[in-house]
Amino acid sequence: LQNYVNAKTPNGTRVTEIRDGKLRIRAVKEDGKVYSGRIYGNVRTGWKYCYIEAKIKLPKGKGTWPAFWMMPVNFTSWPSDGEIDIMEEVGYHPNYVSSSLHANAHVHTNNTQVTHEMYCAGAEDDFHVYAMEWTAKNITTYVDGQIQLSYNNRGLGHDDWPYDAPFYVILNLAWGGTWGGATGVNENALPATMEVDYVRVFQKK
């Protein structure tokens, strides 16, 4: 239900900014519309195989849908080219964070997605570290160092493992939508803010 804008709403309210050393992504309502922001990292070159982590404080409110995820640089079609969701949360199920992988052989549209959800106490009150270790053989995601999801390359080809190409990072705060708005939205929660302390990528030379 949000309209993504580049940094500011039509009225000049910032939806993305760096303040006190932290990235803030906000969802705000103005003139009957909800505006929000999304940030891309290394969109032209991405990374192939790495350890990546972000320290994030999630927003509160029914309708929020924050995400830390990755899409392929050389995208042609979804889900064929893959999608890596390191962390997602929906506000109507607070403090439960999920990781998911999408490809032709496993995708949420037919309930075959590779996914796992776990409780992260205080995810909406404090910063927590969400991470992924990605190699040619395995993808494992973590919440504060605890394994969330692990998936092996089973050697079944591109339909099952499109994760052998560069992917870039996306940080965004959606409002409503098929998952975030599955039980409705509470506009009294607006404005809502997702805070990111850092994103770090470690890659073997």
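Structural data are supplied above this passage.
The structure contained in this document is the topic of the report that follows.

Procedures and definitions
For every chain, the first residue of the written sequence is number 1, and numbering continues from 1 onward in sequence order. Confidence filtering applies because this is a predicted model: local features only for residues at pLDDT of at least 70, side-chain atom pairs given and counted only at 80 or more, and all residues used for totals across whole chains, interfaces and linings. For side-chain calculations, the full set of non-hydrogen atoms in the structure is used, while hydrogens and water are omitted. A pocket, in this scheme, is an open set of points on a 1 Å grid over the protein atoms alone with protein on both sides within 12 Å along at least 5 of 7 lines, while a cavity is a set where a 1.4 Å probe fits but cannot get out; residues line either one if an atom lies within 4 Å of a point. Grid points are joined across faces, edges and corners, and a volume is the space filled by probe spheres set on the points. Numbering of helices and strands runs from the N terminus; a helix is a DSSP stretch of H or I covering at least four residues, while a strand is a stretch of E covering at least two. When residue character is reported, Ala, Val, Leu, Ile, Met, Phe, Trp, Tyr, Cys and Pro are called nonpolar, Asp, Glu, Lys and Arg charged, and the others, Gly included, polar. Pairing of aromatic side chains requires ring centres within 6.5 Å, counting the rings of Phe and Tyr and the six-membered ring of Trp. Pairs whose planes differ by under 30 degrees are stacked, by over 60 edge-to-face, and all others tilted. Each residue's exposure class comes from its accessible area (1.4 Å probe, protein chains only) as a fraction of the maximum for that residue type: buried when under 20%, exposed when over 50%, partly exposed otherwise.

Take the layout of surface pockets next. The calculated volume of the largest pocket comes to roughly 600 Å³. In terms of lining, the largest pocket is formed by 25 residues, of which the most central are Trp 65, Glu 88, His 102, His 108 and Trp 179. For the lining of the largest pocket, the secondary-structure elements that each account for two or more residues are strand 1 (2-4), strand 5 (38-41), strand 7 (64-72), strand 8 (83-88), strand 9 (96-102), strand 14 (167-175) and helix 1 (177-180). Tallied by class, the residues present in the lining of the largest pocket amount to nine nonpolar, twelve polar and four charged. Size it by volume and the second largest pocket reaches roughly 180 Å³.

Below, the discussion takes up empty space enclosed by the protein. With the rule as written, the count across this model stands at one cavity of 30 Å³ or more. The computed volume of the largest cavity comes to approximately 40 Å³. Ile 86, Met 87, Val 97, Ser 98, Ser 99, Tyr 130, Thr 141, Tyr 142, Val 143 and Gln 148 are the residues that line the largest cavity. Elements represented by at least two residues in the lining of the largest cavity include exactly strand 8, strand 9 and strand 12 (138-143). Within the lining of the largest cavity, the residues separate by chemical class into six nonpolar, four polar and no charged.

A word on the packing of aromatic side chains. By the definition in use, this model includes nine aromatic pairs. Ring centres 5.9 Å apart and planes at 80 degrees place the aromatic pair Trp 65 and Trp 179 in the edge-to-face group. Of this pair, Trp 65 sits in strand 7 while Trp 179 sits in helix 1, placing them 114 residues apart in sequence. What makes Trp 65 buried here is its relative accessible area of 18%. Note on Trp 179: relative accessible area 26%, which makes it partly exposed. Here the aromatic rings of Trp 134 and Phe 167 are separated by 5.6 Å at their centres, their planes lie at 85 degrees, and the arrangement is edge-to-face. Placement of Trp 134 in strand 11 (residues 128-134) and of Phe 167 in strand 14 is noted, with a sequence separation of 33 residues between them. The residues Trp 134 and Phe 167 share a single accessibility class, namely buried. Among the aromatic residues, those joined into a ring-pair cluster are Tyr 49, Trp 134, Tyr 151, Trp 161, Tyr 163 and Phe 167.

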